[in-house]
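Listed here are the chains, written in short residue letters.
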Amino acid sequence: MLKLPVYLDYSATTPVDPRVVEKMIPYLGEKFGNPASRSHSYGWQAEAAVEEAREEVARLFNADPKEFVWTSGATESDNLAIKGAAHFHAGRGRHLVTVKTEHKAVLDTCRELERQGFEVSYLDVGENGLLDLDVFRAALRPDTTVVSVMFVNNEIGVIQPIAEIGEICREKGILFHVDATQATGKVLIDLSTLKIDLMSITAHKVYGPKGIGALYVRRRPRARIEAQMHGGGHERGLRSGTLATHQIVGMGEAFRLARLEMGTENERVRMLRDRLLDGISSIEHVYVNGDITHRVPHNLNVSFAYVEGESMLMAVTDLAVSSGSACTSASLEPSYVLRALGRDDELAHSSIRFTLGRFTTEEEIDFAVKLLHEKIGRLRELSPLWEMVREGVDLNTVQWAAH
Amino acid sequence: MTYSEKVLDHYENPRNAGSFGKDEEGVATGMVGAPACGDVMKLQIKVGKDGVIEDAKFKTYGCGSAIASSSLVTEWVKGKTLDQALEIRNTQIAEELALPPVKIHCSILAEDAIKAAVADYRKKRDGAEG
């Protein structure tokens, strides 16, 4: 029996893997010590667990454990990296470069820096969602100190040219921050070759618990940032606050499993994603948003033309998915990411993001395909636009009675 | 977004969805809204020789409330004269469907669709007479 709604929103969050849960539980009970306690075995035991987890996290990225600072999640890591680097290097310059399709945790942090007197360039992407390297090079200035580009986009799953951007930044002495929230466990990230200086990661997109993440801070060459959280001097002064041992242990185990299993898991998920795409390709006027090759295997984002976004979401309540439409108000607010690809508002509005994961089954995908065929068909039968298109009317030539 | 029972009922079981044949006698069409605004409503009325609306059909591209509003007015205009149909107010539609404030524009659009369909009927009739 299928459990409804079918969960196809793994980019929003993932369930904690039962193996991770098992590893975490003792640290809520008998192993409750504070890792900062130096004077007894409770503290030593907790500290050992935290350091083991740090090693596991570092191993996934081929990095040094000393380069990771625990945080509450990727939003905090983004804030610490971008504000911390901008402030530390404010004497050298006050210009930052980022991309219009970044996550709000990056964009809103940049907006805050603008309020503080920094200048930020927000770069356009191509219609495939990818940053063009010539556009990127042209945006850099002598006073640029920080660049922030996400590894994998959360809505459309496209993979940015991180290696190339890193080379350019390193050559110009600019700090390069990468939000790798959606890339972890999906893309091979080797920090011994990639020229990334700061990298934000989180546990809950990788079958770990919510509320724990980390910031990678490169040691050679050293990336310098200013702390944003002050207190007991934990994490070498970069992020004070008592460490959440059980959460950290969970993140370590989740990342260990990701390292061991990502190869086979990604192939299995890619097969399911392609099955989903094949299944809905026979629906007319379906458009894939974002580049389909430079893309993580678990993401599919498609627009269904001539059906309205909100009624479409009402029709697919048996699927737990995300939509490009934020239609909770009277005003139309299609996804800013899809708009940045140049999608018109109607298509941006009728988009669905499917993200698959570790526990997705073939049966679930087949259920989704069947449901989409039925529901999209029904809504189009109800759509005057679809009727006009069938009759050969070009909707762009129609004089609409706009209201 | 949470919907009222009535909106969900009209959305799940739309009344009088569809279109009349283009050349059917007494048929007039009102099309309002725009794709870029997120809703387009097409309301068709079929008017008898006695000036009473015998039948109505709709097609709507829009949210659940827009679909429900247009579905509801096809029920309401049936059996009414044109002037009676023009008396239907958006506030009545909004009240019947318990539309939240952000969805009031759906009821306004449905009222506009009635006006547009009646205007189209009168234009056609006057054209035929003239």
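Along each chain, residue indices are assigned from 1 in the same order as the chain's sequence is written. All chains are assigned letters beginning at A, and all ligands numbers beginning at 1, according to the order in which they are written. Local features in this predicted model are restricted to residues whose pLDDT is 70 or higher, and side-chain atom pairs enter the listing and the counts only when it is 80 or higher, whereas totals over whole chains, interfaces and linings include all residues. Only hydrogens and water are removed before side-chain values are computed, so all heavy atoms of the structure are retained for them.

## Remarks on the interface of chain B and chain A
Line of reasoning, step 1. Residues are treated as being in contact if the distance between any of their heavy atoms lies within 4.5 Å. Opposite the 32 residues of chain B that make contact, chain A presents 27 residues.
Line of reasoning, step 2. Between chain B and chain A, the buried area comes to about 2600 Å², and carbon and sulfur atoms account for 63% of it.
Line of reasoning, step 3. Summed over both partners, buried area is the accessible surface (1.4 Å probe) that two parts give up on being assembled. Broken down residue by residue, the surface that chain B buries against chain A is led by Y11, K59 and Y61 of chain B, which jointly contribute 27%.
Line of reasoning, step 4. We define a salt bridge as a side-chain nitrogen of Lys or Arg found within 4 Å of a carboxyl oxygen belonging to Asp or Glu. If you look at where chain B meets chain A, you find 3 salt bridges.
Line of reasoning, step 5. In this structure, E387 of chain A and K42 of chain B form a salt bridge, with 2.5 Å as the shortest nitrogen-oxygen distance.
Line of reasoning, step 6. Contacts described as polar in this section are N or O atom pairs within 3.5 Å, which, within protein, must combine one atom able to donate a hydrogen with one able to accept it, while residues neighboring in sequence count only if both atoms come from side chains. Counting every contact that joins chain B to chain A gives 11 residue pairs in polar contact (both at pLDDT 80 or more).
Line of reasoning, step 7. Comment: elements are numbered from the N terminus, with helices defined as DSSP H or I runs of at least four residues and strands as E runs of at least two. Counting only elements with at least two residues in the side of chain B that touches chain A, the list comes to α1 (5-12), β1 (27-34), β2 (39-47), β3 (53-61), α2 (64-77) and α5 (104-129) of chain B.
Line of reasoning, step 8. Following the grouping adopted for this structure description, the nonpolar residues are Ala, Val, Leu, Ile, Met, Phe, Trp, Tyr, Cys and Pro, the charged ones are Asp, Glu, Lys and Arg, and the polar ones are all others, Gly among them. Its residues placed into classes, the side of chain B that touches chain A shows 19 nonpolar, 7 polar and 6 charged.

## So, the confidence of the model for chain A
Line of reasoning, step 1. Values of pLDDT, the confidence the predictor places in each residue, fall between 0 and 100. Overall, the prediction assigns chain A a mean pLDDT of 95, with 97% of residues at 70 or greater.
Line of reasoning, step 2. In this model, residues 327-331 of chain A is a region of pLDDT below 50 whose contacts with residues beyond four sequence positions or in other chains number 7 contacts.

## Regarding the sheet that holds β1 of chain B
Residues and elements named next belong to chain B.
Line of reasoning, step 1. The pairing criterion is simple: DSSP has to find at least two bridges between the two strands. Read across the sheet, 3 strands follow the order β1-β2-β3 without closing on themselves; strand pairing throughout is antiparallel. Each edge of the open sheet carries a strand with a single partner, namely β1 and β3. The mean inter-strand angle of the sheet, taken between neighbouring strand axes irrespective of direction, is 15°.
Line of reasoning, step 2. Inspection of the sheet shows β1 paired to β2 by 8 bridges, in the antiparallel sense. Bridge pairing in β2 places G30 opposite L43.
Line of reasoning, step 3. Fitting a line to C-alpha atoms yields each axis, with helices limited to the stretch in contact; the angle taken between N-to-C directions then spans 0 to 180 degrees. On the sheet, α2 packs against β2 and β3 and is oriented at approximately 175° with respect to β3.

## Structural notes on the packing of aromatic side chains
All names here are of chain A.
Line of reasoning, step 1. Note on aromatic pairs: the rings of Phe, Tyr and Trp (six-membered ring only in Trp) are paired at centre separations within 6.5 Å, and the planes decide the class, stacked below 30 degrees, edge-to-face beyond 60, tilted for the rest. Under the counting rule described, the total for this entry stands at 8 aromatic pairs over all chains.
Line of reasoning, step 2. Each ring, one from F61 and one from F68, has its centre 6.1 Å from the other, and the planes form 25°; the classification is stacked. You'll find F61 and F68 in the same group, each marked buried.
Line of reasoning, step 3. Counting every residue linked through ring pairs, the aromatic cluster contains Y7, Y10, Y207 and F359.
Line of reasoning, step 4. Only when the NZ of Lys or the CZ of Arg is both within 6 Å of the ring centre and within 35 degrees of the ring normal is a charge said to sit over the ring. The aromatic ring of Y122 is capped on one face by R111, whose charged end is 4.4 Å from the ring centroid.
Line of reasoning, step 5. Directly above the aromatic system of Y207 lies the positively charged group of R358, at a separation of 4.0 Å from the ring centroid. Three labels apply to residues, based on accessible area from a 1.4 Å probe with only protein chains included: buried if under 20% of the type maximum, exposed if over 50%, partly exposed otherwise in between.

## Quick look at the environment of A74 of chain A
Residues and elements named next belong to chain A.
Line of reasoning, step 1. Among the structural elements, A74 can be located in helix α3 (residues 74-88).
Line of reasoning, step 2. Residues A74 and E171, 97 residues apart in the sequence, show an inter-C-alpha distance of 27 Å.
Line of reasoning, step 3. Contact partners of A74, with chain neighbours within four places excluded, come to T181, S200, I201 and T202.

## As for the pattern of salt bridges
Where charged atoms of side chains with opposite charge meet at close range, the side chains can pair.
Residues and elements named next belong to chain A.
Line of reasoning, step 1. Tallying each qualifying case throughout the model produces 43 salt bridges over all chains.
Line of reasoning, step 2. Close ionic contact of E52 with K23 constitutes a salt bridge, the shortest N to O distance being 3.7 Å. Taken as a pair, E52 in helix α2 (residues 41-60) and K23 in helix α1 (residues 18-24) lie far apart in primary sequence, 29 residues in all.
Line of reasoning, step 3. For K23, a relative accessible area of 32% puts it in the partly exposed group.
Line of reasoning, step 4. The salt bridge involving R239 is made with E76; its shortest N-O contact spans 2.6 Å. Placement of R239 in the loop between β8 (213-217) and α7 (245-281) and of E76 in helix α3 is noted, with a sequence separation of 163 residues between them.
Line of reasoning, step 5. R239 gets classed as buried once you look at its relative accessible area, which sits at 14%.
Line of reasoning, step 6. Connected via shared salt-bridge partners are D17, R19, E261, E265 and R358.

## Quick look at the nonpolar core
Line of reasoning, step 1. L8, F304, L319, F354 and L372 of chain A together with I45 of chain B are the most contacted members of the largest nonpolar core, which totals 64 residues.
Line of reasoning, step 2. Those residues in contact with L8 of chain A, other than ones at most four positions away along the chain, are L319, A320, V321, R353, F354, T355, L356, T360, I365 and A368 of chain A. Each nonpolar core is a collection of buried residues, namely Ala, Val, Leu, Ile, Met, Phe, Trp, Tyr and Cys, held together in the definition by side-chain atoms within 4.5 Å.

## Here's the deal with the side chain of Q247 of chain A
Residues and elements named next belong to chain A.
Line of reasoning, step 1. Structurally, Q247 is set in helix α7.
Line of reasoning, step 2. Within the local environment of Q247, its side chain forms a polar contact with the backbone oxygen of K210, the two atoms lying 2.6 Å apart.
Line of reasoning, step 3. Sequence-distant contacts of Q247, defined by excluding residues within four places in its chain, comprise M24, P209, K210, G211 and I212.

## Observations regarding the side chain of H204 of chain A
All names here are of chain A.
Line of reasoning, step 1. Tracing the backbone through its elements, the reader meets H204 in the loop between β7 (198-202) and β8.
Line of reasoning, step 2. Note on H204: relative accessible area 16%, which makes it buried.
Line of reasoning, step 3. Within the local environment of H204, its side chain forms a polar contact with the side chain of T13, the two groups lying 2.6 Å apart.
Line of reasoning, step 4. Among all residues touching H204, those that are not within four sequence positions of it are A12, T13, T14, P209 and K210.

## Looking at the sheet that holds strand β3 (residues 95-99) of chain A
All names here are of chain A.
Line of reasoning, step 1. Strand order in the open sheet made by the 7 strands is β2-β8-β7-β6-β5-β3-β4, with mixed pairing throughout. Every interior strand has two partners, whereas the edge strands, β2 (68-71) and β4 (119-123), have only one. Here the strands of the sheet are splayed against their neighbours by 20° on average, with no regard to which way each runs.
Line of reasoning, step 2. Where strand β5 (residues 144-148) lies against strand β6 (residues 175-179), 3 bridges are found, and the strand directions are parallel. Residue pairing for β6: V146 is matched across the bridge by L175.
Line of reasoning, step 3. Across the sheet, helix α6 (residues 162-172) lies against β5 and β6, angled at about 160° from β6, the strand it touches most.

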